[in-house]
Amino acid sequence: MADESDEEVRERLKAALWFAVGKIVDEESLRRNRNVTPQFIGALMEMVWLQIESVAIDLESFSRHAGRSTITTDDALLLARRNSDLHGIIKDFVDKQKATKAKGKSKR
């Protein structure tokens, strides 16, 4: 495993993504009484992969611009800034997590 090349890791991740996308598509196609082809699942997986790569690059850039080596929730919020619904969902989640952590610290 330690000798696994970047390309091998990439292919394993893509295979896992293909499986996950396929499972979601299968569930939805059954629920909606529709048929899908393996080619559709493959094309959808490639689209999702490209979106994930784009998001990863943006998050790394935001973190680097802020002088950090770690991506934080602030970077995710910045990424979602143009999608107000998504930004609200992420912000609510982050606020709840911070409140939970604060509550845990105050009990000590």
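Residues numbered from 1 in each chain as written. Predicted model: local features only at pLDDT ≥ 70, side-chain atom pairs only at ≥ 80, totals over all residues. Heavy atoms only, no water.

- As recorded in an unreviewed UniProt entry, the chain goes by the name Centromere protein S, listed as coming from Neoarthrinium moseri.
- What the UniProt record of the chain gives under Sequence similarities (unreviewed entry) is the line "Belongs to the TAF9 family. CENP-S/MHF1 subfamily." (UniProt positions renumbered as here; feature names shortened; annotations may be inferred.)

1. Brief notes about the overall build of the chain
Phase 1: When you go through the chain residue by residue, the secondary structure sums to four helices and zero strands.
Phase 2: Sequence-ordered secondary structure for the chain, helices as α and strands as β, is α-α-α-α.
Phase 3: In terms of overall size, the chain is more extended than a compact globule, its C-alpha atoms giving a radius of gyration of 19 Å where 108 residues would be expected to give roughly 13 Å.
Phase 4: Taken along the three principal axes of its C-alpha coordinates, the chain extends 50 × 40 × 35 Å. (Helix = DSSP H or I, 4+ residues; strand = E, 2+ residues; numbered from the N terminus. Rg over C-alpha atoms; globule rule 2.2 N^0.38 Å.)

2. Let's talk about the side chain of Lys 14
Phase 1: Looking at the element boundaries, Lys 14 is found in helix α1 (residues 6–31).
Phase 2: Lys 14 sits in the buried class, given a relative accessible area of 14%.
Phase 3: Ignoring anything within four residues of it in the chain, the contact list for Lys 14 reads Met 45, Glu 46 and Trp 49. (Buried < 20%, exposed > 50% of the residue type's maximum accessible area, 1.4 Å probe, protein only. Contact = heavy atoms within 4.5 Å.)

3. Thoughts on the nonpolar core
Phase 1: Counting residues in hydrophobic clusters, the biggest one holds six residues: Leu 17, Val 21, Val 25, Ile 41, Met 45 and Trp 49.
Phase 2: Looking at this core, the elements that each hand over two or more residues are α1 and α2 (38–65).
Phase 3: Once residues within four sequence positions are removed from consideration, Met 45 is found in contact with Lys 14, Leu 17, Trp 18 and Val 21. (Core = buried A, V, L, I, M, F, W, Y, C linked by side-chain atoms within 4.5 Å.)

4. Examining the pattern of salt bridges
Phase 1: Inspection of every chain in the model, using the stated rule, returns seven salt bridges.
Phase 2: Residues Glu 46 and Lys 14 are paired through a salt bridge, measuring 3.2 Å at the closest nitrogen-oxygen approach. Of this pair, Glu 46 sits in helix α2 while Lys 14 sits in helix α1; the two residues are 32 residues apart in sequence, bridging distant segments of the chain.
Phase 3: For the salt bridge of Asp 95 with Lys 91, the shortest nitrogen-to-oxygen distance reads 3.3 Å. Of the two residues, Asp 95 and Lys 91 are both situated in helix α4 (residues 84–106); the distance of four residues between them amounts to about one turn of the helix.
Phase 4: A relative accessible area of 35% places Lys 91 in the partly exposed class.
Phase 5: Overlapping salt bridges, with partners in common, bring together Glu 28, Arg 31 and Arg 32 in one network. (Salt bridge = Lys/Arg side-chain N within 4 Å of Asp/Glu carboxyl O.)

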